[in-house]
Amino acid sequence: MCWFMRKVHPKFISKIELGKGIPSISYNLRHGGSVLIDRKDPKQALTAIRVMAEYIETNKRSAVIFPEGTRSKTGKPRPFAENGLKILCKYAPSAYMVPVTINNSWKMTKWGSFPLGIGNRIELIIHDPIPVKAKPFAELFAETEQTVIRSIKV
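Residues numbered from 1 in each chain as written. Predicted model: local features only at pLDDT ≥ 70, side-chain atom pairs only at ≥ 80, totals over all residues. Heavy atoms only, no water.

Trainee: Which residues make up the packing of aromatic side chains, and what are the values?
Mentor: Inspection of every chain in the model, using the stated rule, returns one aromatic pair. One residue, Arg 6, lies across the ring of Trp 3, its end atom 3.9 Å from the ring centre. The ring of Tyr 91 carries the charged tip of Arg 50 above its face, separated from the ring centre by 5.9 Å. (Phe/Tyr/Trp six-rings, centres within 6.5 Å; stacked < 30°, edge-to-face > 60°. Lys NZ or Arg CZ within 6 Å of the ring centre and 35° of its normal.)

What follows is the structure in structure tokens.
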């Protein structure tokens, strides 16, 4: 995703556990302007997301959030959590929502970390951007979720 979005300087909102133990990725998350949230502490998470939203609004950067949370083990998506997206939309009103569907990533880790599901092709589908201020949040959220889900190949 970083490569596809390199022109818009993506900053990630990810769980705090990814900030340690993954060479290159953990370092980039800690030092590249991304936000590490503790999903067990909603107050900390929402505050960090608000700070990120204000940063992207001011500096015209992009934020990447995975509203499904933990990757499903079957490829069938879990319901999206809306609070993080709602905060981003509220504090970055000039932003665009760009839905992204990721197909087959669940096959890489269906047996855990070992053995890795080698030989599976991961597909990224970048959908058309939607201006955040063009629609009420509920409508924007529903459209984004449906756009992503419609393109999933299980």
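Trainee: Which residues make up a nonpolar patch on the surface, and what values do they have?
Mentor: Together, Phe 4, Tyr 96, Val 98 and Ile 126 make up an exposed nonpolar region whose accessible area comes to about 440 Å². Mapped onto the elements, Ile 126 comes out in strand S6 (residues 123–126). A relative accessible area of 46% places Ile 126 in the partly exposed class. (Patch = residues over 30% accessible without salt bridge, like charges linked within 9 Å, V, L, I, M, F, W, Y side chains within 5 Å. Areas by Shrake-Rupley, 256 points an atom, 1.4 Å probe, with all protein chains shown as cover. Salt bridge = Lys/Arg side-chain N within 4 Å of Asp/Glu carboxyl O. Helix = DSSP H or I, 4+ residues; strand = E, 2+ residues; numbered from the N terminus. Buried < 20%, exposed > 50% of the residue type's maximum accessible area, 1.4 Å probe, protein only.)

Trainee: Explain helix H5 (residues 137–150) to me, using residue names and the numbers behind them.
Mentor: Within an α-helix, residues lying three or four positions from one another point in the same direction, as the helix has 3.6 residues per turn. A rise of 1.5 Å per residue sets the reference length of H5, with its 14 residues, at 20 Å; its end C-alpha atoms lie 20 Å apart and thus fit the reference within 8%. Of the residues making up H5, those classed as buried are Phe 137, Leu 140, Phe 141, Thr 144, Glu 145, Thr 147 and Val 148. On an axial view of H5, the arc spanned by its buried residues comes to 160°, and they lie on one face. More than 90 degrees from the buried face of H5, the exposed residues found are Ala 138 and Arg 150. Residues of H5 that are buried make contact with helix H3 (83–91), strand S4 (96–97), strand S5 (100–103) and strand S7 (130–131). (Expected span 1.5 Å × (residues − 1). Arc of directions from axis to C-beta. Contact = heavy atoms within 4.5 Å.)

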